[in-house]
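This is what each chain is made of:
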Amino acid sequence: MQFDTYTYAIFLPLVFFVYWGLRNHLRWQNLFLLIASYVFYGWWDWRMLGLILLTSLSSYGSALMMRGDRSRHDKLWVTLNVVLNVGILAVFKYLNFLRDSFVHLLGLFGMTPDWPTLHILLPVGISFYTFQAISYTIDVYRGDVKPTGNVVAFCVFIAFFPQLVAGPIERATNLLPQFLRTKSFDYDAAVVGMRQILWGLAKKVIVADSIGYYVDQLLYNPYHFSAASMVWAGILFVVQIYADFSGYSDIAIGSARLLNIRLQPNFRYPFFSRNMRELWQRWHISLILWFRHYVYFPMGGSRRGKWRTAFNVMVLFALSGLWHGADWTFVIWGVINGLLIVPFVFLPRKQLTPHASVKDIPRCLLTFFIFAMASISFRANGLAHFNEIIDVMFNTTWRYRPVFGQPLYYMVPFFIIEWLGRKHEFPLERLPFPTWVRWLIYWALLMGISIIGLDRNMQFIYFQF
């Protein structure tokens, strides 16, 4: 079930009313939320419900088996659960990638093994809920959270429908306790949640889907266009994926707010960053925090000298790239971004103001452009396609075809609105206008979503991860 469908527009209100109808019965409320989350997930393919249930029960059970003393006994259980869940992820997401890479490596030595490609269906959101389950087991082992004996609440923690298929990736320390205590309806939180859902839908349908059409046209066959067109395609794509993914996050966070459940922010206006380090503190926050807590810090973090820190940063970004997809183009994307961050390891840390100002706009534009060019490999459909794009960028004319300037009609207003609202969690959170003006804006966005989205069926980009 997708957020930008009429099905979800019916599903969410039904969940809302039944959920709050059970507000005095926490056990039944959680059970209903679990059933609703499984219905939401099973809407794509009910066969994948067994997989998420296995992940949930293995993580729940392994945590209960620990003694809480970080002994070899506890280490065995956390290791078994991590290996199981990483193994499931590897089989469903990376098996063919590893097979193709190994075949290519053997081909360099003149060997051509005839190994069949397995047709494995990638479960939606498996990377997200697997990481969430793994983090719980590790946190229990570390003593950061106590294991829960409430299996229903734990399964809801793993399968909570707003953030199930594309995050934010939540730690048990934040999300799990919210399913273990009785909640009361918060009208103000629900109103803010509705505004955030509206803004997320506007970003996805009006901005991301509209721009995505031109990105597909430009990159379908790069040799039909010029070098400038490929640069423009890179800029358009990074705006598309930001509007798409942050739009999903806004809808997820807003939907959870209707149930008085708080999810962590996943984006904080990354395109108004003044350097690449700041951008990566504002982009896909939950994933970067996950890698920091469970990969970067265990490797030593920044405690073992600057060169070791630089190495740890490169490992973090390379793994982040591989997490996004089973292709070398994603690894290249991660390595490029790691190389862009490494210089900051050796430079003195400069304290920045919380929000960019007008004088910072040139730095923001430069950072945005660097990130857009670094993200071209992310969009490429394999190494061959990536090589085509790079070949066009460096070996053809810079003459640009103006027919693809229409995305500016969506991008310029979008960035103006984001800039004006950059001090808030999202632009519609607090509009400094009279009530009638605010409602006019809301209805205009609703009309735009309805009109533009009528003839489209474009999936959220991050569903493939």
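See the structure printed just above.
Model, not experiment: these values are computed from the prediction. (Residues numbered from 1 in each chain as written. Predicted model: local features only at pLDDT ≥ 70, side-chain atom pairs only at ≥ 80, totals over all residues. Heavy atoms only, no water.)

S.K.: Is there a simple way to explain the overall build of the chain in this structure?
M.R.: A count of helical and extended segments in the chain gives 19 helices and zero strands. A compact globule built from 465 residues should have a C-alpha radius of gyration of about 23 Å, and the chain, at 23 Å, falls within 12% of that. The dimensions of the chain, computed from C-alpha atoms along their principal axes, are 70 × 65 × 50 Å. In the chain, which comprises 465 residues, the share counted as buried stands at 54%. Expressed as a percentage of contacts within the chain between residues at least 6 apart in sequence, the contacts between residues at least 24 apart total 78%. Only carbon and sulfur atoms are counted for the fraction: they give 67% of the accessible area of the chain, which is about 21900 Å². Of the side-chain charges in the chain, 40 are positive and 24 negative, and the distance between the mean point of each set is 9 Å. (Helix = DSSP H or I, 4+ residues; strand = E, 2+ residues; numbered from the N terminus. Rg over C-alpha atoms; globule rule 2.2 N^0.38 Å. Buried < 20%, exposed > 50% of the residue type's maximum accessible area, 1.4 Å probe, protein only. Contact = heavy atoms within 4.5 Å. Areas by Shrake-Rupley, 256 points an atom, 1.4 Å probe, with all protein chains shown as cover. Lys, Arg positive; Asp, Glu negative; His and termini not counted. Charge placed at Lys NZ, Arg CZ, Asp CG, Glu CD.)

S.K.: What should I look at first to understand helix α13 (residues 328-341) in this one?
M.R.: For the α-helix, the turn length of 3.6 residues means that residues three or four positions removed from each other point alike. Spanning 14 residues, α13 covers 20 Å between terminal C-alpha atoms, matching the ideal 20 Å at 1.5 Å per step. Buried within α13 are the following residues: Thr-329, Phe-330, Val-331, Trp-333, Gly-334, Asn-337, Gly-338 and Ile-341. In the core, the buried residues of α13 are packed alongside α10 (276-280), α12 (306-324), α14 (343-346), α15 (361-374), α16 (376-379) and α17 (383-395). The opening residue of α13 is Asp-327, an N-cap whose side-chain oxygen sits 3.1 Å from the backbone nitrogen of Thr-329. (Expected span 1.5 Å × (residues − 1). Polar contact = N/O pair within 3.5 Å; in protein donor to acceptor, adjacent residues only side chain to side chain.)

S.K.: Would you mind showing me how to read the packing of helix α1 (residues 6-21) against helix α9 (residues 227-258) here?
M.R.: A packed helix pair is summarised by two numbers, namely the angle formed by the two axes and the spacing between the axes. At their nearest, the axes of α1 and α9 sit 10 Å apart, and the two run at 30° to each other. Between α1 and α9, the interaxial angle falls into the category roughly parallel. Touching Tyr-8, Leu-12, Phe-16 and Trp-20 of α1 are Ile-251, Ser-255 and Leu-258, all from α9. Its residues placed into classes, the contact of α1 with α9 shows six nonpolar, one polar and no charged. (Axes fitted to C-alpha atoms, helices over the stretch in contact; angles between N-to-C directions. Parallel < 35°, antiparallel > 145°, perpendicular 65-115°, else oblique. Nonpolar A, V, L, I, M, F, W, Y, C, P; charged D, E, K, R; others polar.)

S.K.: Is there a simple way to explain a nonpolar patch on the surface in this structure?
M.R.: On the surface, Trp-28, Leu-31, Ile-35, Val-39 and Trp-43 cluster together to form a nonpolar patch covering roughly 530 Å² of accessible area. Tracing the backbone through its elements, the reader meets Val-39 in helix α2 (residues 26-42). On the accessibility criterion, Val-39 (38% relative accessible area) is partly exposed. (Patch = residues over 30% accessible without salt bridge, like charges linked within 9 Å, V, L, I, M, F, W, Y side chains within 5 Å. Salt bridge = Lys/Arg side-chain N within 4 Å of Asp/Glu carboxyl O.)

S.K.: So what exactly am I meant to see when it comes to the packing of aromatic side chains here?
M.R.: Aromatic ring pairs are reported here in terms of the distance separating the ring centres and the angle at which the planes meet. The final tally for this structure, using the stated rule, is 51 aromatic pairs. Ring centres 4.7 Å apart and planes at 55° place the aromatic pair Phe-3 and Tyr-8 in the tilted group. Taking 5.2 Å as the distance between ring centres and 85° as the angle between the ring planes, the aromatic pair formed by Tyr-213 and Tyr-214 counts as edge-to-face. Looking at Lys-93, its charged tip hangs above the ring of Trp-323, at a distance of 5.3 Å from the centre. One residue, Arg-422, lies across the ring of Trp-419, its end atom 3.9 Å from the ring centre. (Phe/Tyr/Trp six-rings, centres within 6.5 Å; stacked < 30°, edge-to-face > 60°. Lys NZ or Arg CZ within 6 Å of the ring centre and 35° of its normal.)

S.K.: What is the right way to read α2 from this model?
M.R.: The end-to-end C-alpha distance of α2 is 24 Å, a good match for the 24 Å that 17 residues give at a rise of 1.5 Å each. Taken as a whole, α2 has its buried residues at Leu-26, Gln-29, Asn-30, Leu-33, Leu-34, Ala-36, Ser-37, Tyr-38, Phe-40, Tyr-41 and Gly-42. Those residues of α2 hidden inside the fold are in contact with α1, α3 (49-65), α5 (126-142) and α6 (151-159).

S.K.: Sorry, what's going on with empty space enclosed by the protein here?
M.R.: To find the voids left in a structure, one rolls a probe of water-molecule size over its atoms. In the structure shown here, the tally under the stated rule is three cavities of 30 Å³ or more. What the largest cavity holds in volume is close to 50 Å³. Lining of the largest cavity is provided by Phe-237, Val-238, Ile-241, Trp-283, Trp-333, Phe-371, Ser-375 and Phe-378. Top element by residues in the lining of the largest cavity is α9. It accounts for three residues. In terms of residue class, the lining of the largest cavity is made up of seven nonpolar, one polar and no charged. (1 Å grid on protein atoms, 1.4 Å probe; cavity = no way out; pocket = protein on both sides within 12 Å on 5 of 7 lines; lining within 4 Å. Points joined across faces, edges and corners; volume = space filled by probe spheres on them.)

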